[in-house]
Amino acid sequence: MAEMMELVCPAGTPAALRAAVEAGAHAVYCGFADETNARNFPGLNFSRVELAESIAHAHRHGAKVLVAINTFPRAGAEETWHRAVADAEAAGADAVILADLGLLAHTAEHHPGLRRHLSVQAAAANPDAINFYAETFGVRRFVLPRVLTVAEIAAINREIDAETEVFVFGGLCVMAEGRCSLSSYVTGRSPNVDGVCSPPDHVSYEETDGALAARLGGFTIHRSPKGAPAPYPTLCKGCFTSEGVTGHVFEDPASLDASELLSALADAGVRALKIEGRQRSRAYVGQVVRSFRAAVEAVAAGRPVPPGTLAALTEGQAATSGAYAKTWR
Amino acid sequence: MSDSAAMIPILPRPLAAGLGMLPLAPLGYPLSTLMRRVIARNPGLIERLGPYRACRFAIDPTDLPCTLLLHPDPVRAHVSVHSRPPEAEVRIAGPLAALIGLVHGAYDGDALFFSRDLVIEGDTSAALALRNAIDDAELDLAAELALLAGPLGRMLDPLIDMVARASGVSLRRVEQNG
Ligand code: SF4
């Protein structure tokens, strides 16, 4: 039997973390309730006390907890991010997921025993970049941006001496992460610094005659006809009319589902599989984690991946294998 | 959890019509007591709501002829029941089974939004905060009701199951995490 790929699962609340652990997560990633993590939504995330209790719960059940501190510190406010790293270590985190060069340097120097992963937000997408982070800051694992094909991932793994982790399910950021300014352009806030794309206080919905209009920062970015699936209110999935043509400028609303590519990803040398969705409920977490746990067990045993049943959970109720097997239009 | 949003049960019309004939105002008292009790037993709920605890949430079961207005601020937490849409900072609308299923962790809020079974109007941040706070609280409405009824609570069990069967709405939490 081949070594099983590690399943890294999202948790936006302690209840979701328990649901992930119960459903078979090998590791759970989560963040503090502030701008230090890239899912800074109202009512979400962990206090210091909740994190320590949740890590103890996960460890009792044999799962690891990775703490995402993956936004870019604001000049003059670095202390908030430094404190987050120190508190994650004190709470017993198995690793921190970082994106910023300065924060990586700080962590390597002041918390050398704390395992460091590179966040997808850093968008390290070639062996030279990865080897630089590994050699300079002792980064052990790299979450690869969702712009690479399976062949490119295999090529990267041949030239590095570190683990790679790739997204296999959930909402899709279609740009190189950490570099998208669409949200900043419309709302003044971005996932990169504020930890939130399309902040909900800039989002409003209006239903007229069954059609749902989604507004971001006052601009209508999408109108779903009666009965049609609705997407997240992100600009990259917006639908616009220009010169008489209406269409999605960047990407159709669809979620990533790479369950059919798991064997290929294992062959490409991928060590860990990441499920997106810290903003989702414990119902989503339980169902997706259970399904993917069965899938990674099947791959490790050389069996075919069981057919998925997750379509209803996907944005736009449509799934894509993203860039892994993509021909760009 | 449901694989398909199409599987969300809709309250049978005669039942909804029957409920519509009840006087609504007196329902506010027991519902307020229930909400105060839930808040007292789950302090994390109000912490997660943060500043949005001060908001008024209109919860509109689209298969019932009434809307609940929740005001979760612990100082004066109360619920009122309205036959016409009340003024509120947020309106969350969907079939009763979907709304209760969200409380019990049977459905995912984003999935219900994608499938258009859930409609959110007004302050989107407040709606998200409420949804996340409730998801974390792992509430079981049947258990809360039984606690409220004190020693009579156990006698409520068959009644709760009967209402659940007749309405298609699951009144109990589906999963238990260890
Ligand atoms: S606008 Fe789209 S691509 Fe850009 S950060 Fe948001 S989700 Fe990602």
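Residues numbered from 1 in each chain as written. Chains lettered and ligands numbered in written order. Predicted model: local features only at pLDDT ≥ 70, side-chain atom pairs only at ≥ 80, totals over all residues. Heavy atoms only, no water.

*Asks:* Sorry, what's going on with the packing of aromatic side chains here?
*Replies:* For any two aromatic rings, the description comes down to two numbers: the centre-to-centre distance and the angle of the planes. Residue and element names in this part refer to chain A. Per the stated rule, a full pass over the model turns up nine aromatic pairs over all chains. A network of ring pairs unites the aromatic residues Phe 132, Tyr 133, Phe 137 and Phe 142 as a single cluster. A cation sits over an aromatic face here: Arg 146 above Phe 167, 3.8 Å from the ring centre. Here Lys 274 stacks its cationic end above the ring of Tyr 29, 4.2 Å away from the centre of that ring. (Phe/Tyr/Trp six-rings, centres within 6.5 Å; stacked < 30°, edge-to-face > 60°. Lys NZ or Arg CZ within 6 Å of the ring centre and 35° of its normal.)

*Asks:* How should the interface of chain A and chain B be read in this particular structure?
*Replies:* Each partner contributes to the interface: chain A provides 46 residues, whereas chain B provides 38 residues. Viewed at the interface, chain B and chain A are joined by six salt bridges. Secondary-structure elements contributing two or more residues to the side of chain A that touches chain B are α1 (14-23), α2 (48-60), β8 (203-208), β9 (211-216) and α9 (282-300) of chain A. Among the elements that make up the side of chain A that touches chain B, the one with the highest residue count is α1(A) (five residues). Looking at the side of chain A that touches chain B residue by residue, the classes come out as 21 nonpolar, 16 polar and nine charged. (Contact = heavy atoms within 4.5 Å. Salt bridge = Lys/Arg side-chain N within 4 Å of Asp/Glu carboxyl O. Helix = DSSP H or I, 4+ residues; strand = E, 2+ residues; numbered from the N terminus. Nonpolar A, V, L, I, M, F, W, Y, C, P; charged D, E, K, R; others polar.)

*Asks:* What is the right way to look at the side chain of Gln121(A) in this model?
*Replies:* Residue and element names in this part refer to chain A. For Gln 121, the location among the structural elements is in the loop between β5 (116-118) and α5 (127-137). For Gln 121, the side chain forms a polar contact with the side chain of Asn 192, separated by 3.3 Å. Setting aside its immediate chain neighbours within four residues, Gln 121 contacts Asn 70, Phe 72, Ala 99, Glu 177, Gly 178, Pro 191 and Asn 192. (Polar contact = N/O pair within 3.5 Å; in protein donor to acceptor, adjacent residues only side chain to side chain.)

*Asks:* Just checking my understanding: could you explain helix α6 (residues 150-158) of chain A for this structure?
*Replies:* Residue pairs spaced three or four apart in an α-helix point in one direction, given the helix's 3.6 residues per turn. All names here are of chain A. Turning to α6, its buried residues are Val 150, Ile 153, Ala 154, Ile 156 and Asn 157. The buried residues of α6 occupy an angular sector of 160 degrees when the element is viewed end-on, so they sit on one face. Relative to its buried face, α6 has exposed residues pointing more than 90 degrees away, namely Ala 151 and Arg 158. (Buried < 20%, exposed > 50% of the residue type's maximum accessible area, 1.4 Å probe, protein only. Arc of directions from axis to C-beta.)

*Asks:* Which parts of the structure should I look at to understand the sheet that holds strand β3 (residues 78-82) of chain B?
*Replies:* Sheet strands pair by backbone hydrogen bonding; their relative direction is either parallel or antiparallel. Residues and elements named next belong to chain B. With respect to topology, five strands assemble into an open sheet ordered β3-β2-β1-β4-β5, the strand pairing being mixed. Each edge of the sheet is formed by a strand with only one pairing partner; in this case those strands are β3 and β5 (119-122). In this sheet, adjacent strand axes meet at a mean angle of 20 degrees when their direction is disregarded. Along the sheet, helix α2 (residues 28-41) contacts β2 (67-71) and β3; its crossing angle with β3, the most-contacted strand, is approximately 145 degrees. (Pairing = 2+ DSSP bridges. Axes fitted to C-alpha atoms, helices over the stretch in contact; angles between N-to-C directions.)

*Asks:* Where do I start with the pattern of salt bridges in this structure?
*Replies:* Any two side chains of opposite charge can pair, given that their charged atoms come close. Under the definition given, this model contains 30 salt bridges over all chains. Note that Arg280(A) is salt-bridged to Asp110(B), the shortest N-O span being 3.6 Å. Here Arg280(A), found in the loop between β14 (272-275) and α9, pairs with Asp110(B), found in helix α5 (residues 109-114), and the two come from separate chains. Asp110(B) matches Arg280(A) in its accessibility class, with the two residues each being buried. The closest approach of N and O atoms between Arg131(B) and Asp110(B), which form a salt bridge, is 2.5 Å. Here Arg131(B), found in helix α6 (residues 124-137), pairs with Asp110(B), found in helix α5; they are 21 residues apart in sequence, far enough to count as distant. For the residue pair Arg131(B) and Asp110(B), the accessibility class agrees, reading buried in each case. Taken together, the salt bridges that share partners define one network made up of Glu6(A), Lys64(A), Arg115(A), Arg141(A), Glu163(A), Glu165(A) and Lys274(A).

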